[in-house]
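Examining the three-dimensional arrangement
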Amino acid sequence: MVFWFNSDRERGRVFAEAFARELPDLPFVMDVSERHPDEIRYVLTWTAPADLHRFRNLEIVFSIGAGVDQFKTETLPSNVMLVRMVEDGIARMMQEYVTLAVLALHRNLKAYIVQQAAATWRSLPVRQAAQQRIGILGLGMLAQAVIDRLKPFGFPLAAWSRSERRVDGVDCYHGSDGLTPFLAQTDILICLLPLTRETQGLLGGALFAALPAGAALVHVGRGAQLDHDALIAAVDEGHLSGAVIDVTEPEPLPPEHAFWRHPKIILTPHIASVTQPETAATAVIDNIQRHRAGLKPIGLVDRSRGY
Ligand code: NDP
Ligand code: OXD
């Protein structure tokens with residue numbers, strides 16, 4: 001029974017130390033050719049290796065990320081569990097990034113950066129936090145972590161999920177019927193949805209039109225959820241006031257892409273949150289212990305839903 005770490009060696013060293021300490025009976029390899037394929041029981045990886053079917057005794061594929069759309073789940077053997085990364089480090093970084101993005105939009109940061117470049121000293125109107133309604137697409141692990149951080153600012157908070165949910169202090173909407181009323185009362189929209197057939201292309205012209213005039217977008221889900229032309233049109237027409245974009249399709253964007261130089265768009269290179277090896281190793285070790293005890297791993301992906 002062997003654990004295969006299929007990612008960068010620097011993070012692998014942190015994992016190897018934690019495994020040696022906490023699971024000394026489970027051999028840990030970074031070079032899979034050192035072992036017979038039948039010995040591999042667990043793999044941690046960003047995408048499914050092309051030859052995954054060689055590992056006939058594989059039981060769990062651990063995703064190094066919180067998202068799992070990069071796995072072609074239909075190609076994974078049906079008896080193998082796919083487990084996404086649920087760890088504190090990812091949640092903390094996402095809290096920081098979304099707070100940064102919301103405050104930047106709330107306090108017109110991009111406009112002041114543009115004004116500074118033109119040596120313009122001019123104050124812009126600002127709403128009170130109680131008048132700035134935040135709406136989050138998704139109400140999962142990361143959205144709930146973000147809500148905890150945003151609450152103390154006093155923004156009215158709402159969220160939209162697939163199934164019905166209740167969270168203290170948050171107006172909860174769900175399902176396709178809940179989307180339009182949710183959007184109608186959202187001034188800063190945050191996308192924290194997984195990429196699935198249903199969410200692909202969701203951030204498009206129709207969705208932007210359903211937001212109040214002057215609304216803004218923070219996109220930290222997945223690139224393929226966003227229609228770039230529709231966003232640029234909505235911002236250039238003045239219906240949207242701006243956007244902070246961390247994920248795009250493709251990544252990286254080509255140098256001529258309009259997002260790079262748009263005066264109302266802040267673009268970052270998919271860095272909102274990065275798996276932290278120390279906390280991620282603890283999460284994976286806990287899950288192996290749960291699996292050994294016959295319990296369901298935390299973050300087990302429901303392949304029929306795609307997340
Ligand atoms: P979770 O699986 O915990 O939560 C997903 C949420 O989305 C759930 O509330 C779910 O609803 C909702 N949802 C899914 N499909 C739909 C739908 N069709 N309609 C309405 N709601 C839907 O995911 P996480 O919070 O852990 O992560 C979310 C995503 O964030 C990841 O999949 C990844 O794409 C992205 N991410 C981006 C990073 C970055 O650096 N930019 C870093 C990490 C993650 P329900 O509650 O009903 O199931
Ligand atoms: C993730 C990511 O899914 O970094 O963890 O995007």
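Computed from a predicted structure; not experimentally measured.

Parameters and conventions
- Residues numbered from 1 in each chain as written.
- Chains lettered and ligands numbered in written order.
- Predicted model: local features only at pLDDT ≥ 70, side-chain atom pairs only at ≥ 80, totals over all residues.
- Heavy atoms only, no water.
- Axes fitted to C-alpha atoms, helices over the stretch in contact; angles between N-to-C directions.
- Helix = DSSP H or I, 4+ residues; strand = E, 2+ residues; numbered from the N terminus.
- Parallel < 35°, antiparallel > 145°, perpendicular 65-115°, else oblique.
- Left-handed = near helix turned anticlockwise from the far one by under 90°.
- Contact = heavy atoms within 4.5 Å.
- Near = heavy atom within 4 Å.
- Polar contact = N/O pair within 3.5 Å; in protein donor to acceptor, adjacent residues only side chain to side chain.
- Areas by Shrake-Rupley, 256 points an atom, 1.4 Å probe, with all protein chains shown as cover.
- Nonpolar A, V, L, I, M, F, W, Y, C, P; charged D, E, K, R; others polar.
- Domains from an automatic or database assignment.
- Pairing = 2+ DSSP bridges.
- Salt bridge = Lys/Arg side-chain N within 4 Å of Asp/Glu carboxyl O.
- Phe/Tyr/Trp six-rings, centres within 6.5 Å; stacked < 30°, edge-to-face > 60°.
- Buried < 20%, exposed > 50% of the residue type's maximum accessible area, 1.4 Å probe, protein only.
- Lys NZ or Arg CZ within 6 Å of the ring centre and 35° of its normal.

This part takes up the packing of helix H1 (residues 9-22) against helix H8 (residues 277-292). Close contact between H1 and H8 brings their axes to 9 Å; oriented N to C, the two are set at 40°. The pairing of H1 with H8 is recorded here as oblique in orientation. Considering only the axes of H1 and H8, their crossing is right-handed. In this structure, H1 contributes Arg11, Val14, Phe15, Ala18, Phe19 and Glu22 to the contact, and H8 contributes Pro277, Glu278, Ala280, Ala281, Val284, Ile285, Ile288 and Gln289.

What follows covers the site of ligand 1. Near ligand 1 lie 29 residues; those nearest to it are Arg84, Leu139, Ser163, Arg165 and Tyr307. Note that a nitrogen atom of ligand 1 is positioned 3.2 Å from one of the backbone N or O atoms of Val220. Protein chains shield 94% of the accessible area of ligand 1, which is 930 Å² for the free molecule. Secondary-structure elements contributing two or more residues to the shell around ligand 1 are helix H4 (141-150) and strand S7 (157-161). Grouping the constituent residues of the shell around ligand 1 by class yields 13 nonpolar, nine polar and seven charged. Residue assignment places the shell around ligand 1 across two domains, with domain 1 (2-87 + 275-292) and domain 2 (90-267) each supplying three or more.

In space, the five strands of this open sheet follow the order S2-S1-S3-S4-S5, with parallel pairing throughout. Unpaired on one side and paired on the other, strand S2 (28-29) and strand S5 (81-83) mark the two borders of the sheet. Note: strand S1 (residues 2-6) against strand S3 (residues 40-45), five bridges, orientation parallel. Paired with Trp4 across the two strands is Val43, which belongs to S3.

Before going further, it helps to spend a moment on the site of ligand 2. What surrounds ligand 2 is the set Gly65, Ala66, Gly67, Arg222, His270 and Ser273. Interatomic distance of 2.7 Å between a backbone N/O atom of Ala66 and an oxygen atom of ligand 2. Interatomic distance of 2.6 Å between a side-chain N/O atom of His270 and an oxygen atom of ligand 2. Alone, ligand 2 offers 210 Å² of accessible surface; in the complex the protein occludes 84% of this. Classifying every residue of the shell around ligand 2 by side-chain character gives one nonpolar, four polar and one charged.

All right, on to the pattern of salt bridges then. Side-chain pairs of opposite charge can arise whenever the charged atoms involved come near each other. Counting across every chain of the model gives 11 salt bridges. Residue Asp8 is joined to Arg11 by a salt bridge in which the shortest nitrogen-to-oxygen separation is 2.9 Å. Where salt bridges share partners, they join Arg127, Arg133 and Asp187 into one cluster.

Attention now goes to the packing of aromatic side chains. Scanning the entire structure with this criterion turns up 12 aromatic pairs. Centre to centre, the rings of Tyr42 and Phe62 are 6.3 Å apart; their planes meet at 40°, and the pair counts as tilted. Here Tyr42 is found in strand S3, whereas its partner Phe62 is found in strand S4 (residues 60-63), with 20 residues between them in sequence. Side by side, Tyr42 and Phe62 carry an identical accessibility label, which is buried. By the ring-pair criterion, three or more aromatic residues cluster together here, those being Phe3, Phe5, Phe15, Phe19, Phe28, Tyr42 and Phe62. Across from the ring centre of Tyr307, 4.1 Å away, lies the NZ or CZ of Arg305, which sits over that ring.

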